[in-house]
Amino acid sequence: MSGADTDRRRFEALRHCLTASPDTAAPRDLAAWCRDWRARVESEPAPVAQAILGGFAADRVGWAFAAGYQAALRQLLAGVNEQPAADARLALCATESGGNRPRDIATVLRRDGDGWRLDGAKSWITLGEAATELLVVARLEDGGPRPALKVARVPAGAAGVTLENKAPLEFVPEIPHTAARFESVAVPGDGLLDGDGYDTVVKPFRTIEDTFIALAVQAWLLREARVRRWPARFAEALVTGLESLGALAARPAGDPVTHLALTGALTRAQGLYDDADGLWEEQGGDAAARWHRDRPLFRLAAKARLLRAQRAWERLNPDQEGK
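Every chain is numbered independently, its residues counted from 1 as its sequence is written. Reporting of local features is limited, given that this is a predicted model, to residues whose pLDDT is at least 70; pairs of side-chain atoms are given and counted only at 80 or more, and all residues count toward the totals for whole chains, interfaces and linings. Neither water nor hydrogens contribute to the side-chain values; these are computed over all heavy atoms in the structure.

Visitor: What's the story with a nonpolar patch on the surface in this structure? I'm lost.
Guide: Taken together, the side chains of Val257, Trp313 and Leu316 make up a nonpolar region of the molecular surface, amounting to roughly 300 Å² of accessible area. For helices the rule is a DSSP run of H or I covering at least 4 residues; for strands it is a run of E covering at least 2, with both sets numbered from the N terminus onward. If you trace the backbone, Trp313 turns up in helix α9 (residues 302–316). Partly exposed describes any residue whose relative accessible area lies between the buried limit of under 20% and the exposed limit of over 50%, with all areas from a 1.4 Å probe on protein chains only and scaled to the type maximum. The class for Trp313 is exposed, based on a relative accessible area of 53%. Like-charged residues are merged into a patch within 9 Å and nonpolar side chains (Val, Leu, Ile, Met, Phe, Trp, Tyr) within 5 Å, provided each residue has over 30% relative accessible area and no salt bridge. Only the protein chains shown count as cover for residues, and the accessible areas themselves come from Shrake-Rupley with a 1.4 Å probe. In the sections that follow, a salt bridge refers to a side-chain nitrogen of Lys or Arg positioned within 4 Å of a carboxyl oxygen of Asp or Glu.

Structure, rendered in structure tokens:
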């Protein structure tokens, strides 16, 4: 899909958020959300528009988060020329008991004829048993002293894959999480994503995920602002945020300029969420209670984002590093 076509679809999605009926039939449960998501992907090929439309169709942060997360993974795969099926629900499996840095990855890929065998464990898989395809970060057995990481595409139901349920989080509890074990899982020779698993997948996904989840959440808030007749200035600020984030979604995820612009956009988003606190207080009811319950989601990885911005400044101004 060309950049111009993606921009057009993004703008049409934003127009939809401003003109379509804000009344929504919320999914009853995760299974219903999965059906709705498949229909959305089948009708809208652009991940950035999927995030916006999926957020607008939500009635809570949890479903907006799920839409943003899934759209982010489709954007990531598009960047490495991979195309998941419309009915695929994806999960990036990077984190292990020691973390998700290259030196923390113990899950291993071993050569097995023309393919590979995958062994190891992951401690955190978003969507859990609702995921149909796992993107598993693993090190090559013969990768040398610095682990050479690759990402294997593994069906969640493949032989040797065991998912272990984890307790729901206190926020967005609608979204399940599991751990996973991989025991001699067969991976075909063409089942690995191109490029280094850390530099090509894990690092850029942090930027893409932040961008797309913010898109989906702000689209959801725009729907809430319209249906609840909140002040126009709040809705207009959300539109500005959506347009800024949508433009950033097309930028290279590894570019330091992208990192700094996203830092600014997310800082502005936090101000919008602070404004929403007061609006929800006035509203009251179950929806307001869910908002306050789910608020901690927006504080996750704040330290990592700060460090990312600091490194971006250092990359753009190497002569000033350490001053």
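Further notes follow.
Visitor: What is the right way to look at the packing of aromatic side chains in this model?
Guide: The description of an aromatic ring pair uses the distance of the two centres, along with the angle that the planes make with each other. Only rings of Phe, Tyr and Trp enter the pairing, Trp through its six-membered ring, and a pair is recorded when the two centres are within 6.5 Å. The plane angle decides the type: under 30 degrees is stacked, over 60 is edge-to-face, the rest tilted. All told, the structure shown has 11 aromatic pairs when counted by the stated rule. Note on Tyr273 and Trp291: the rings are 6.1 Å apart at their centroids and 70° apart in plane angle, and the pair reads as edge-to-face. Residue Tyr273 is located in helix α7 (residues 256–283), and its partner Trp291 is located in helix α8 (residues 285–294); the two are separated by 18 residues in the primary sequence. The two residues Tyr273 and Trp291 agree in class, both being buried. Joined through ring pairs, the aromatic side chains of Trp220, Trp230, Phe234, Tyr273, Trp280, Trp291 and Phe298 make up one cluster.

Visitor: Looking at this structure, I do not really get the pairing of strand β2 (residues 108–112). What am I missing?
Guide: The side chains of a regular strand alternate between the sheet's two faces. Any two strands with at least two DSSP-identified bridges between them are counted as paired. In this structure, β2 lies alongside strand β3 (residues 115–126), joined through 5 bridges in antiparallel fashion. What sits directly across from Asp112, in β3, is Gly115. Where β2 folds back onto β3 in an antiparallel hairpin, the turn is made up of 2 residues, including Gly113, whose phi is positive at roughly 65°. For β2 and strand β4 (residues 133–140), the ladder comprises 2 bridges, and the chain directions are parallel. Among the inter-strand pairings, Leu109 is bridged to a residue of β4, identified as Leu140.

Visitor: Got a minute to help me understand the side chain of His259 in this structure?
Guide: With respect to the helices and strands, His259 occurs in helix α7. In protein, a polar contact requires one atom able to donate a hydrogen and another able to accept it; more generally it is a pair of N or O atoms within 3.5 Å, and residues adjacent in sequence count only if both atoms are side-chain atoms. One polar contact links His259 to Thr207, side chain to side chain, over a distance of 3.3 Å. In contact with His259, not counting residues within four places along its chain, are Thr207, Ala253, Gly254, Arg308, Ala312 and Arg315. What makes two residues a contact is simply this: any of their non-hydrogen atoms within 4.5 Å.

Visitor: Looking at this structure, I do not really get the state of the cysteines. What am I missing?
Guide: Think of a disulfide as a covalent bridge from one cysteine sulfur atom to another cysteine sulfur atom. Here, the term disulfide refers to a pair of cysteine sulfur atoms separated by no more than 2.5 Å. Throughout the structure, instances matching the rule amount to 0 disulfides. Looking at Cys34, it has no disulfide partner, and the nearest cysteine sulfur is the one in Cys93, 16 Å off. Overall, the relative accessible area of 9% leaves Cys34 in the buried class.

Visitor: Is there a simple way to think about helix α1 (residues 3–19) in this case?
Guide: An α-helical segment advances 3.6 residues per turn. Residues three or four places apart therefore align on the same side. What a helix is expected to span follows from its residue count: subtract one and scale by 1.5 Å. For α1, with 17 residues, the first-to-last C-alpha span of 24 Å sits near the 24 Å given by 1.5 Å per residue. Within α1, the full set of buried residues consists of Arg10, Ala13, Leu14 and Cys17. Along the long axis of α1, the arc covered by the buried residues comes to 95°, so they all point the same way. In α1, the exposed positions angled more than 90 degrees off the buried face are occupied by Ala4, Arg15 and Thr19. Against α3 (47–56), α5 (197–227) and α6 (232–249) lie the buried residues of α1. The reported arc concerns the directions from the helix axis to the C-beta atoms and nothing else.

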